[in-house]
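Examination of the molecular architecture
Below are the chains, spelled out letter by letter.
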Amino acid sequence: MDCEASIRVIDSHTGGEPTRVVVAGMPELGNGSMAERRERLRSTWDHLRAAVVAEPRGSDVMVGALLCEPEASESAAGVVFFNNVGYLSMCGHGAIGLAVTMHHLDRLAPGKHRLETPAGDVMLHLHDANRVSVSNVASYRYRQDVAVQLPGHGELRGDIAWGGNWFFLVSEHGQTLSMDRVEELTQFSWAIRGALETANIRGRDGAIIDHIELFGPPSDPALADSRNFVLCPGRAYDRSPCGTGTSAKLACLVADGRVAAGDTWRQESITGSVFEARADMVDDELRPRISGSAFITGESTLYLDRVDPFRYGLVRG
Ligand code: PYC
């Protein structure tokens, strides 16, 4: 085979949501912050992002994590997260999957470690081979009770919050959050995303709100405080409770006085997996500590055969 690239990846899932960590075979992104390296990847090698996570090697659900040398010597690693349509600033389930993957490679011992991401540094606490806590970037509610007109539905109200990505969080929506309704929930959430764009409702500095989060009662109040359905930027739903989405939720709960500093909120996903989110305050800022478990599911080498017309993945029209 005349191979243009062979890319070594390790797959895991965190609460059902897959992470594909790229450990070798992608171009060096040079020095600088992870935000700068993400821009280099986007501008020069975006076809490799698609090759790694898109069909036929991946799927719309897959989140990629390019493992990088950190900028600061005291950090354990740097990472650039990506998905079927582009790049994420931070990814909670992905950071948990990355820590478990690095441990699997004997590159991370149990204990606390700094991870550099495009959204800023986060702390990983590897408890054992599977359990990880991520002390996330500062999270906050940006706007409360924002009205949006949803065609065919009427007015809907939600909060806009940052948890490492931008979220629109809706509690009053009239939807039942159950696995047998995933297609309806996807269509409903996608319509909210479109309505936000039409109304030019955005996050800070005009950022696009590309994650929609619906909330409902947990399947069992003994196991969780709430259940969510999270629609990701490329129209796939998060199988995990979404680490950055749970951080955004915690920011709203703290702002509403429903969760106090040091309290723990248990967020269940639509699939039934649970993240624990502790409201840690650092210098008056909320730094949610998200705990979850990840499991290695496979290791492989992806080949990009020069004669394969789909070597860069199926491009979405
Ligand atoms: O866990 O933060 C997260 C996440 C974002 C998109 C998919 N998962």
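Residues numbered from 1 in each chain as written. Predicted model: local features only at pLDDT ≥ 70, side-chain atom pairs only at ≥ 80, totals over all residues. Heavy atoms only, no water.

When helices and strands are counted, the protein chain shows 5 helices and 18 strands. Taken over C-alpha atoms, the radius of gyration comes to 19 Å for the protein chain, in line with the 20 Å a tight globule of 317 residues would show. With respect to the three principal axes, the spread of C-alpha positions in the protein chain is 55 × 45 × 35 Å. Contacts in the protein chain between residues far apart in sequence, at least 24 positions, make up 63% of those at least 6 positions apart. Element-wise, carbon and sulfur atoms account for 46% of the exposed surface of the protein chain, whose accessible area totals about 13200 Å². Averaging the locations of the 31 positively and 42 negatively charged side chains of the protein chain gives two centres separated by 1 Å. (Helix = DSSP H or I, 4+ residues; strand = E, 2+ residues; numbered from the N terminus. Rg over C-alpha atoms; globule rule 2.2 N^0.38 Å. Contact = heavy atoms within 4.5 Å. Areas by Shrake-Rupley, 256 points an atom, 1.4 Å probe, with all protein chains shown as cover. Lys, Arg positive; Asp, Glu negative; His and termini not counted. Charge placed at Lys NZ, Arg CZ, Asp CG, Glu CD.)

What follows is about helix H4 (residues 182–198). Compared with an ideal rise of 1.5 Å per residue, which puts 17 residues at 24 Å, H4 spans 24 Å between its outermost C-alpha atoms and is within 8% of the ideal. For H4, the full list of buried residues reads Val 182, Leu 185, Thr 186, Phe 188, Ser 189, Ile 192, Arg 193, Ala 195 and Leu 196. In this structure, the buried side of H4 is in contact with strand S9 (140–150), strand S10 (154–162), strand S11 (166–170), strand S12 (211–216) and strand S13 (226–231). Phi for Asn 200, located one or two positions after H4, is positive at around 55°. (Expected span 1.5 Å × (residues − 1). Buried < 20%, exposed > 50% of the residue type's maximum accessible area, 1.4 Å probe, protein only.)

Turning our attention to the side chain of Ser 189. Tracing the backbone shows Ser 189 in helix H4. Among the residues examined, Ser 189 registers a relative accessible area of 0% and is labelled buried. Residue contacts for Ser 189: discarding those within four places in its chain leaves Ile 212, Leu 214, Phe 229 and Leu 231.

Moving on: the site of the ligand. All residues adjacent to the ligand are Glu 17, Cys 91, Gly 92, His 93, His 211, Cys 232, Asp 238, Cys 242, Gly 243 and Thr 244. Between an oxygen atom of the ligand and a main-chain N or O atom of His 93, the distance comes to 2.8 Å. The backbone of Gly 243 places a nitrogen or oxygen atom 2.7 Å from an oxygen atom of the ligand. When the ligand is considered free in solution it has 250 Å² of accessible area, and contact with the protein chains removes 99% of it. Spatially, the ligand is embedded in the largest cavity. In terms of residue class, the shell around the ligand is made up of 3 nonpolar, 5 polar and 2 charged. (Near = heavy atom within 4 Å. Polar contact = N/O pair within 3.5 Å; in protein donor to acceptor, adjacent residues only side chain to side chain. 1 Å grid on protein atoms, 1.4 Å probe; cavity = no way out; pocket = protein on both sides within 12 Å on 5 of 7 lines; lining within 4 Å. Sits in = over half its atoms within 2 Å of the grid points. Nonpolar A, V, L, I, M, F, W, Y, C, P; charged D, E, K, R; others polar.)

This part is about the pattern of salt bridges. A complete count under the given rule lists 16 salt bridges for this structure. Note that Glu 4 and Arg 311 form a salt bridge whose closest N and O atoms lie 2.9 Å from each other. With Glu 4 in strand S1 (residues 3–14) and Arg 311 in the segment after strand S18 (289–305), the pair connects residues that are 307 residues apart, well separated along the chain. A salt bridge links Arg 8 to Glu 299; the shortest N-O distance between them is 3.4 Å. One end of the pair, Arg 8, is in strand S1; the other, Glu 299, is in strand S18, with 291 residues separating them in the sequence. The partly exposed category is assigned to Arg 8, whose relative accessible area is 35%. Taking relative accessible area as the criterion, Glu 299 reaches 45% and is therefore assigned partly exposed. If you follow the salt bridges from partner to partner, you end up with Arg 38, Glu 39 and Arg 42 in one network. (Salt bridge = Lys/Arg side-chain N within 4 Å of Asp/Glu carboxyl O.)

So, on to empty space enclosed by the protein. Any empty space left between atoms is shown by rolling a water-sized probe over those atoms. Under the defined criterion, the tally for this structure stands at 2 cavities of 30 Å³ or more. Empty space within the largest cavity amounts to approximately 160 Å³. Lining the largest cavity are 22 residues; nearest its centre among them are Glu 17, Val 63, Leu 88, His 211 and Cys 232. At the level of secondary structure, the elements contributing two or more residues to the lining of the largest cavity comprise helix H3 (92–104) and helix H5 (243–255). For the lining of the largest cavity, the per-class residue count stands at 10 nonpolar, 9 polar and 3 charged. Roughly 40 Å³ of volume is contained in the second largest cavity. (Points joined across faces, edges and corners; volume = space filled by probe spheres on them.)

Turning our attention to the nonpolar core. In terms of nonpolar packing, the biggest core is built from 60 residues, with Phe 81, Phe 168, Ile 192 and Leu 214 touching the most fellow members. In this view, Phe 81 contacts Val 63, Gly 64, Ala 65, Tyr 87, Leu 88, Met 90, Cys 91, Gly 94 and Ala 95; residues no more than four positions away in its chain are not counted. Of all hydrophobic cores here, the second largest spans 20 residues; its members include Val 9, Leu 29, Ala 51 and Val 52. (Core = buried A, V, L, I, M, F, W, Y, C linked by side-chain atoms within 4.5 Å.)

Secondary-structure assignment places Ser 139 in the loop between strand S8 (131–135) and S9. At 3.0 Å, the side chain of Ser 139 forms a polar contact with the backbone oxygen of Val 137. Excluding its chain neighbours within four sequence positions, the residues that come into contact with Ser 139 are Trp 162, Gly 163, Ser 247, Ala 251, Leu 286 and Pro 288.

Quick look at unusual backbone geometry now. Between Glu 55 and the following residue, Pro 56, the backbone shows a cis peptide bond with an omega angle of 10°. Phi at Asp 205 takes a positive value of approximately 55°, unusual for a residue other than glycine. Within the secondary structure, Asp 205 is located in the loop between H4 and S12.

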